[in-house]
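Analysis of the macromolecular model
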Amino acid sequence: MLECANRRILVDCGMFQGSRELTEENATAFDFDPASVDFLLLTHAHLDHCGRLPLLAKRGFRGEVIATSATRELAHIVLTDAAHLQEEESRRQAYQRRGRGDEGVPAPLYTILDAFNSFDRFGRTVEYGQPLDLAPGIRVTFFDAGHILGSASVRVEATEGPHTRSILFSGDIGNAGRPLLPPPSPPGTADIVVMETTYGDRNHRSISDSVEELYSAIGAALGRGGNVIIPTFALERAQEILFALHQGVDRSKVTPALQVFLDSPMAISATEIFERHSELLNPRVTRLFREGDDPLRLPGLHFTRETADSMAINRITGGAVIMAGSGMCTGGRVRHHLRHNLWREESAVIFVGFAAHGTIARQIIDGAKQVRLFGEEIPVRSSIHTINGFSAHAGQRELLAWRRGIGGVQMTFLVHGEETAMNEFARHLQDCQVEMPRSGDIFDLGPAA
Ligand code: ZN
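Scope of this entry: the structure provided in the associated data block.

Right, let's get into the sheet that holds strand β1 (residues 2–4). Strand pairs in the sheet, formed through backbone hydrogen bonds, run parallel or antiparallel to each other. Spatially, β1-β2-β3-β4-β5 is the arrangement adopted by the five strands of the open sheet, whose pairing is mixed. Bordering the open sheet on either side are β1 and β5 (122–126), each of which pairs with just one other strand. Taken over all neighbouring pairs, the strand axes of this sheet differ in orientation by 25° on average, direction set aside. Pairing of strand β3 (residues 39–41) with strand β4 (residues 64–68), which is carried by three bridges, proceeds in the parallel orientation. Bridged to Leu41 within β4 is Ile66. This element, helix α4 (residues 69–99), spans β4 and β5 of the sheet and lies at about 140° to β5.

Shown next as structure tokens:
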């Protein structure tokens with residue numbers, strides 16, 4: 001939350017994801033009165049950045065949401081899906097409680113109706129690099145963050161009396177050299193930087209190694225007569241994997257007979273939004289679209305929106321690549337596919353994204369011999385692969401390059417990282433004041449007296 005020129009500006013309003021304790025944090029009161037917020041600048045449509053917008057609106061926010069048009073479209077599907085999952089979860093809990101003789105129904109964090117109401121708060125859309133005057137003394141500019149479609153870093157130039165301060169919020173910064181998106185565009189100068197540190201303590205493997213690893217893991221599992229399960233985030237990662245598979249077929253790295261199921265209504269909708277906004281993609285990819293060769297499609301690709309179609313996949317014992325959410329296996333259809341494949345030596349599970357502590361994905365990656373799904377202990381016998389080069393996040397080297405590319409920085413705030421990542425990253429920033437604020441901390445960013 002930034003207060004300047006008599007306005008209150010919120011940058012993102014995300015949802016905690018991961019362990020149960022973290023998830024419960026979502027229902028706690030905001031540290032401010034939602035009705036007092038004038039603008040919400042949305043950097044991108046990931047749930048940990050936009051996920052509590054419906055709650056914010058339900059609790060009184062009547063201000064304007066500013067975002068790129070791709071972010072706006074993606075946020076609508078992400079929030080509708082999140083609301084649906086929460087309604088489902090509250091029904092499930094009510095059912096469990098009834099079993100214990102308790103008739104209480106826990107309220108969902110927000111409903112689908114709340115999500116739709118919050119969509120009315122979306123106002124102006126912005127183009128990358130084009131300044132927008134929000135109010136007297138407040139100008140914002142969005143820069144392509146190269147993280148997911150429509151993602152942005154946002155610079156706020158705030159003027160009070162004779163003083164102007166520029167504050168740059170990184171949003172999530174992309175991993176340069178990714179196949180679908182252009183690299184993050186340099187945002188120039190800023191007095192103060194507030195930046196993410198998700199991978200502040202490590203670097204990723206290169207994307208090309210990761211793609212090769214993906215092909216070989218798929219080839220091996222299919223050769224054994226098993227399936228491949230890819231728990232995947234619906235935005236970006238799903239489309240990147242589709243793109244890699246498309247290229248794999250083109251280059252004879254995977255069999256053209258490959259049967260691929262995109263088993264996620266949200267990922268299907270996101271893929272369609274990518275196709276509509278192909279001008280925002282890497283120029284090479286944009287050209288493919290223009291030439292009529294949709295690089296997100298392949299011959300054996302099936303979109304399964306309906307539950308019945310999704311359940312039918314459970315009967316396939318071999319030869320299928322199944323992509324489903326959620327990426328961290330905390331919910332969603334992927335849990336059914338894990339239940340049917342995790343115990344089979346011939347199958348493979350390939351993790352291609354971040355897995356927070358406390359999640360099933362993390363347990364499997366850390367070598368659990370069995371995991372609990374639907375109240376059952378499922379032994380882990382399939383081969384397990386972690387391919388981290390697909391990360392939509394900049395690694396340490398790229399975060400540093402991004403930060404060093406910004407001129408005139410006096411102060412850097414590190415946020416959005418686990419504590420070890422932030423501490424490690426802070427060691428590399430010697431040229432300016434570094435802060436690692438805790439929730440609720442307040443800083444005066446005015447020029448020194
Ligand atoms: Zn993100």
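Quick look at the side chain of Arg52 now. Assignment of secondary structure puts Arg52 in the loop between α2 (47–50) and α3 (53–58). Here Arg52 sits buried without a salt bridge, and the closest side chain of opposite charge, Glu25, lies 7.0 Å off (N-O distance).

With that settled, consider the sheet that holds strand β7 (residues 138–144). Taken in spatial order, the seven strands of this open sheet run β6-β7-β8-β9-β10-β19-β20, and their pairing is mixed. A strand with exactly one partner marks an edge of an open sheet, and here the two such strands are β6 (132–135) and β20 (433–435). Strand-to-strand twist of the sheet, defined as the mean angle between neighbouring strand axes without regard to direction, takes the value 20°. As paired strands, strand β8 (residues 152–160) and strand β9 (residues 163–169) are joined by seven bridges and run antiparallel to one another. In the sheet register, Glu157 faces β9, and the bridge partner there is Ser166. Here helix α13 (residues 396–404) sits on the sheet in contact with β8, β9, β10 (192–196) and β19 (411–415), set at roughly 165° to β10. Contacts between helix α14 (residues 419–426) and the sheet are confined to β10, β19 and β20, with β19 contributing the most and set at about 155° to the helix.

With that out of the way, let us pick up the layout of surface pockets. As a volume, the second largest pocket reaches approximately 270 Å³. What lines the second largest pocket is a set of 15 residues, and nearest its centre among them are Pro179, Phe243, Gln247, Arg251 and Arg284. When residues of the lining of the second largest pocket are traced back to their parent elements, those giving at least two are α6 (207–223), α7 (237–250) and α9 (283–290). The greatest single-element share of the lining of the second largest pocket, amounting to five residues, is contributed by α6. For the lining of the second largest pocket, the two domains that each supply at least three residues are domain 1 (2–202 + 393–435) and domain 2 (207–390).

In this section: the pairing of β4. With five of five residues buried, β4 is to be regarded as a mostly interior element. Residues of β4 alternate between two faces, with Glu64, Ile66 and Thr68 on one and Val65 and Ala67 on the opposite face, all of them buried. Where β4 and β5 come together, three bridges link them in parallel fashion. Looking at β5, one finds that Ala67 is bridged to Thr125.

It is worth spelling out the environment of Asp294 at this point. For Asp294, the position within the fold is in the loop between α9 and β13 (301–303). The spacing of Asp294 and Gly188 is 106 residues in sequence and 34 Å in space, taken between C-alpha atoms. Excluding anything up to four places from it in sequence, Asp294 contacts His246, Glu275 and Phe289. For Asp294, the side chain forms a polar contact with the main-chain nitrogen of Leu296, separated by 2.8 Å.

Calculation rules
Residues numbered from 1 in each chain as written. Predicted model: local features only at pLDDT ≥ 70, side-chain atom pairs only at ≥ 80, totals over all residues. Heavy atoms only, no water. Pairing = 2+ DSSP bridges. Helix = DSSP H or I, 4+ residues; strand = E, 2+ residues; numbered from the N terminus. Axes fitted to C-alpha atoms, helices over the stretch in contact; angles between N-to-C directions. Contact = heavy atoms within 4.5 Å. Buried < 20%, exposed > 50% of the residue type's maximum accessible area, 1.4 Å probe, protein only. Lys, Arg positive; Asp, Glu negative; His and termini not counted. Salt bridge = Lys/Arg side-chain N within 4 Å of Asp/Glu carboxyl O. 1 Å grid on protein atoms, 1.4 Å probe; cavity = no way out; pocket = protein on both sides within 12 Å on 5 of 7 lines; lining within 4 Å. Points joined across faces, edges and corners; volume = space filled by probe spheres on them. Domains from an automatic or database assignment. Polar contact = N/O pair within 3.5 Å; in protein donor to acceptor, adjacent residues only side chain to side chain.

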